[in-house]
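Structural overview for review
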Amino acid sequence: QVQLVESGGGLVQAGGSLRLSCAASGLAFSIYAMAWFRQAPGKEREFVALISGRGSITRYADSVKGRFAIARDNAKNTVYLQMSSLKSEDTAVYYCAATATFGTSYDYWGQGTQVTVSS
């Protein structure tokens, strides 16, 4: 079955950096665009970033543009989210997701990893 497993979350000070990873198995990874979402306590899940199957196209939420970078390694079936200049408002559970429709709908989700930014 399909599995998306996030890792790399943790506690970091404001202004610091963190890199999240999402390892995928059970799917033709390079066919799927991959995305990161996040959900803060008491808030709706929100889109963070998206990368196409070959990695040539990326999209970002305005709130993270210029601070976060999404990348993928299709040889390792892994997608990354490099987060820099972190702010307290970036505190959330971060989820990766796979989409065969470039974000129109999402087919698979990971279980999430907690990122906490202390101010």
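To keep things clear, this report deals only with the structure shown in the data block. Keep in mind that this is a model prediction, so the values were computed, not measured. (Residues numbered from 1 in each chain as written. Predicted model: local features only at pLDDT ≥ 70, side-chain atom pairs only at ≥ 80, totals over all residues. Heavy atoms only, no water.)

Remarks on the pattern of salt bridges
By the definition in use, this model includes 4 salt bridges. Residue Glu-46 is joined to Arg-38 by a salt bridge in which the shortest nitrogen-to-oxygen separation is 2.6 Å. Since its relative accessible area comes to 35%, Glu-46 is described here as partly exposed. Taking the relative accessible area as the measure of exposure, Arg-38 reaches 5% and is therefore buried. Notably, a salt bridge pairs Asp-90 with Arg-38, separated by 2.9 Å at the nearest N-O pair. Taken together, the residues Asp-90 in the loop between β8 (78-83) and β9 (92-99) and Arg-38 in strand β4 (residues 33-39) connect sequence positions 52 residues apart. Each of the two residues, Asp-90 as well as Arg-38, counts as buried. (Salt bridge = Lys/Arg side-chain N within 4 Å of Asp/Glu carboxyl O. Buried < 20%, exposed > 50% of the residue type's maximum accessible area, 1.4 Å probe, protein only. Helix = DSSP H or I, 4+ residues; strand = E, 2+ residues; numbered from the N terminus.)

Some remarks on the packing of aromatic side chains
Here a ring pair, both rings aromatic, is described through the centre-centre distance and the interplanar angle of the planes. Within the structure shown, the criterion is met by 5 aromatic pairs. Measuring from ring centre to ring centre gives 5.8 Å for Phe-37 and Phe-47, while their planes differ by 80°; the resulting arrangement is edge-to-face. Taken together, the residues span a long stretch of sequence, with Phe-37 in strand β4 and Phe-47 in strand β5 (residues 46-51) at a distance of 10 residues. Phe-37 gets classed as buried once you look at its relative accessible area, which sits at 10%. Looking at Phe-47, the relative accessible area reads 27%, which means it is partly exposed. Taken together, the ring pairs connect Phe-37, Phe-47, Tyr-106 and Trp-109 into an aromatic cluster. Over the ring of Tyr-95 we find Arg-45; its NZ or CZ atom is 4.0 Å from the centre of that ring. (Phe/Tyr/Trp six-rings, centres within 6.5 Å; stacked < 30°, edge-to-face > 60°. Lys NZ or Arg CZ within 6 Å of the ring centre and 35° of its normal.)

Structural notes on the sheet that holds β8
Reading across from one edge, β1-β3-β8-β7 is the order of the 4 strands in this open sheet, with antiparallel pairing throughout. Taken across any chain shown, the strands that pair with only one partner, and hence form the sheet edges, are β1 (3-7) and β7 (68-73). Mean inter-strand twist for the sheet, computed between neighbouring axes without regard to direction, equals 15°. In this structure, strand β3 (residues 18-25) lies alongside β8, joined through 6 bridges in antiparallel fashion. Bridged to Leu-18 within β8 is Met-83. (Pairing = 2+ DSSP bridges. Axes fitted to C-alpha atoms, helices over the stretch in contact; angles between N-to-C directions.)

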